[in-house]
Amino acid sequence: VFEDASPVATSVLDGYNVCIFAYGQTGTGKTFTMEGTEQNRGVNYRTLELLFKIAEDRKKTISYDISVSVLEVYNEQVRDLLASSPPAKR
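Quick look at the structure, then. Worth saying up front: this structure is predicted, and the values here are computed from it rather than measured. (Residues numbered from 1 in each chain as written. Predicted model: local features only at pLDDT ≥ 70, side-chain atom pairs only at ≥ 80, totals over all residues. Heavy atoms only, no water.)

Some details on the packing of aromatic side chains
Here's step 1: On inspection of all chains with the given rule, the structure shows 1 aromatic pair.
Here's step 2: Measuring from ring centre to ring centre gives 6.2 Å for Phe-21 and Tyr-23, while their planes differ by 15°; the resulting arrangement is stacked. Judged on exposure class, the residue Phe-21 and its partner Tyr-23 are both exposed. (Phe/Tyr/Trp six-rings, centres within 6.5 Å; stacked < 30°, edge-to-face > 60°. Buried < 20%, exposed > 50% of the residue type's maximum accessible area, 1.4 Å probe, protein only.)

Here you go:
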């Protein structure tokens, strides 16, 4: 899956907004595909690693300001997976 998603990292650094969207039934492996394990990292970690490697390679010619959002939509509720505290509003 990462090989198919890896061109996204270059697109981000070329100025495009990008979303990697995992969709499917419960129990089909979305979380494992995106997160993986410490020994077998998922798409999220591999893509970010590539993104920062490309940014490092280009640092002599361009400077980047990178931000990331990780959201979960479950039972019609949107949750920010990077938030340090629960949101006040849903």
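So that's the structure; there's more coming.
Looking at the pairing of strand β2 (residues 77-80)
Here's step 1: In terms of strand pairing, strand β1 (residues 71-74) meets β2 through 4 bridges, oriented antiparallel. Within the sheet, the bridge partner assigned to Val-73 lies in β2 and is Val-78.
Here's step 2: The antiparallel pairing of β1 with β2 creates a hairpin that spans 2 residues between the two strands, and Asn-75 there sits at a positive phi of about 50°. (Pairing = 2+ DSSP bridges. Helix = DSSP H or I, 4+ residues; strand = E, 2+ residues; numbered from the N terminus.)

A few points about a nonpolar patch on the surface
Here's step 1: Together, Val-12, Tyr-16, Val-18 and Ile-20 give the surface a local cluster of nonpolar side chains, amounting to about 330 Å² of exposed area.
Here's step 2: Relative to the helices and strands, Val-12 is located in helix α2 (residues 7-13).
Here's step 3: When its relative accessible area of 32% is taken as the criterion, Val-12 is described as partly exposed. (Patch = residues over 30% accessible without salt bridge, like charges linked within 9 Å, V, L, I, M, F, W, Y side chains within 5 Å. Areas by Shrake-Rupley, 256 points an atom, 1.4 Å probe, with all protein chains shown as cover. Salt bridge = Lys/Arg side-chain N within 4 Å of Asp/Glu carboxyl O.)

Looking at the nonpolar core
Here's step 1: Ala-9, Leu-13, Leu-51, Ile-54 and Ala-55 together form the largest nonpolar core, which totals 5 residues.
Here's step 2: Counting residues per element, the ones that place at least two in this core are α2 and α4 (43-57).
Here's step 3: The biggest single contributor to this core is α4, with 3 residues.
Here's step 4: Leu-51 has contacts with Ala-9, Val-12, Leu-13 and Ile-66, leaving out every residue within four places of it along the chain. (Core = buried A, V, L, I, M, F, W, Y, C linked by side-chain atoms within 4.5 Å. Contact = heavy atoms within 4.5 Å.)

A closer look at the environment of Gly-15
Here's step 1: Mapped onto the elements of the fold, Gly-15 is located in the loop between α2 and α3 (30-35).
Here's step 2: Accessibility expressed as a relative area gives 63% for Gly-15, which makes it exposed.
Here's step 3: Linking Gly-15 and Val-73, residues 58 residues apart in sequence, is a C-alpha distance of 26 Å.

Digging into the side chain of Thr-47
Here's step 1: The topology assignment puts Thr-47 in helix α4.
Here's step 2: Residue classification places Thr-47 among the buried positions, given a relative accessible area of 9%.
Here's step 3: A polar contact of 2.8 Å, which involves the side chain of Thr-47, links it to the backbone oxygen of Val-43. (Polar contact = N/O pair within 3.5 Å; in protein donor to acceptor, adjacent residues only side chain to side chain.)

Observations concerning the pattern of salt bridges
Here's step 1: As enumerated under the stated definition, the model contains 5 salt bridges in all.
Here's step 2: In this structure, Glu-49 and Arg-41 form a salt bridge, with 3.9 Å as the shortest nitrogen-oxygen distance.
Here's step 3: Judged by relative accessible area, which is 53%, Glu-49 ranks as exposed.
Here's step 4: Salt-bridge contacts for Arg-79 lead to Glu-72; the nearest nitrogen and oxygen are separated by 2.9 Å.
Here's step 5: The partly exposed category is assigned to Arg-79, whose relative accessible area is 45%.
Here's step 6: We classify Glu-72 as partly exposed; its relative accessible area is 29%.

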